[in-house]
Amino acid sequence: MAMAAGGSKGGVKSDINVTPLVDVVLVLLIIFMVVTPMLQRGKDVRLPKAENITKEKEGAASDPIILSVTPDKKMWVESDAYPDEAGLEARLKDVFTKEPGRRVLLKGDDSLSFEDVRKVMKVANTAGAKTVALGVEELKQ
C-alpha cells in the first residue's frame, strides 16, 4: 500500500491533524485541575461580610503570613495546625525573627466570637507582628 502525499496532482496534503492539539489541551486541563486547589492559602473558613473595606495596595512589599481560625477554634498558620496558643506564638516568633516586617492576615470564621479572634490577634502581637489585617468578604450591592 502506498502513502498519499497529496492529491492526484502531487501537491502537499493540507488536512489538519487535531490529535496533538487535543493531547496538549487535555494535559493543560489536568495541570490546572491539580494546581487550582493549591492556590488557596490557609484553611477554608467562612469569612465575615463587610461593606467598607480597605483594599490592599497593588505593590505590597511582602507576602503575608496567613493565620486561620476555624469554627472549632483551631488555629492554623498556612496549612499547619496549632492546638494551643504557645505553639502558635513560637511559630510566629520564628517567622518574625527571620522576616521582621512580615505582614499578617487573619482569617477568622464568622461563627466565632470576637473574643476568639482577639486572642489570636494578641498572640500575633506578642510574637512580634506590627499589624494584623482581618480577612473579610466584600458585600455585593
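Look up a bit, the structure's there.
Below, the structure is looked at part by part. Fair warning: this is a prediction, and the values are worked out from it, not measured in the lab. (Residues numbered from 1 in each chain as written. Predicted model: local features only at pLDDT ≥ 70, side-chain atom pairs only at ≥ 80, totals over all residues. Heavy atoms only, no water.)

Turning to the sheet that holds strand β2 (residues 65-69), a few remarks are in order. The five strands are arranged β4-β3-β2-β5-β6 in an open sheet whose pairing can be described as mixed. The two strands at the open ends of the sheet, each matched to only one other strand, are β4 (80-82) and β6 (132-134). Averaged over all pairs of adjacent strands, the angle between strand axes in this sheet comes to 30°, irrespective of strand direction. Here helix α2 (residues 85-98) sits on the sheet and contacts β2, β3 (75-77), β4 and β5 (104-108); the angle it forms with β3, its principal contact strand, is near 20°. Against the sheet, helix α3 (residues 114-127) makes contact with β2, β3, β5 and β6, and its axis sits at roughly 155° relative to β6, the strand it touches most. (Pairing = 2+ DSSP bridges. Helix = DSSP H or I, 4+ residues; strand = E, 2+ residues; numbered from the N terminus. Axes fitted to C-alpha atoms, helices over the stretch in contact; angles between N-to-C directions. Contact = heavy atoms within 4.5 Å.)

Now for the packing of α2 against α3. With their axes 8 Å apart at the nearest point, α2 and α3 run at an angle of 40° to one another. Classified by the interaxial angle, the pair formed by α2 and α3 is oblique. For α2 against α3, the interelement crossing comes out right-handed. Of the residues in α3, those in contact with Glu-85, Leu-88, Glu-89, Leu-92, Lys-93 and Phe-96 of α2 are Lys-119, Val-120, Val-123, Ala-124, Thr-126 and Ala-127. Tallied by class, residues from the contact of α2 with α3 come to seven nonpolar, one polar and four charged. (Parallel < 35°, antiparallel > 145°, perpendicular 65-115°, else oblique. Left-handed = near helix turned anticlockwise from the far one by under 90°. Nonpolar A, V, L, I, M, F, W, Y, C, P; charged D, E, K, R; others polar.)

Take the pairing of β2 next. Within β2, five of the five residues are buried, which leaves the element mostly enclosed by the surrounding structure. Here β2 shows a buried face lined by Ile-65, Leu-67 and Val-69 and a second buried face lined by Ile-66 and Ser-68. Relative to β5, β2 is paired through five bridges, and the arrangement is parallel. Its bridge partner lying in β5, Ile-65 is registered against Val-104. Across three bridges, the pairing between β2 and β3 is antiparallel. Bridging across to β3, Ser-68 finds its partner in Trp-76. Between β2 and the antiparallel strand that follows it, β3, lie five residues; Lys-73 among them carries a positive phi value of about 70°. (Buried < 20%, exposed > 50% of the residue type's maximum accessible area, 1.4 Å probe, protein only.)

Time to look at α2. Across its 14 residues, α2 extends 20 Å between first and last C-alpha, which sits within 8% of the 20 Å expected from 1.5 Å per residue. Looking at α2, one finds that the buried residues are Leu-88, Leu-92, Val-95 and Phe-96. One face of α2 carries all of its buried residues, which in axial projection span an arc of 95°. Exposed residues on α2 whose side chains face more than 90 degrees from its buried face are Ala-86, Thr-97 and Lys-98. Residues of α2 that are buried make contact with β2, β3, β4, β5 and α3. (Expected span 1.5 Å × (residues − 1). Arc of directions from axis to C-beta.)

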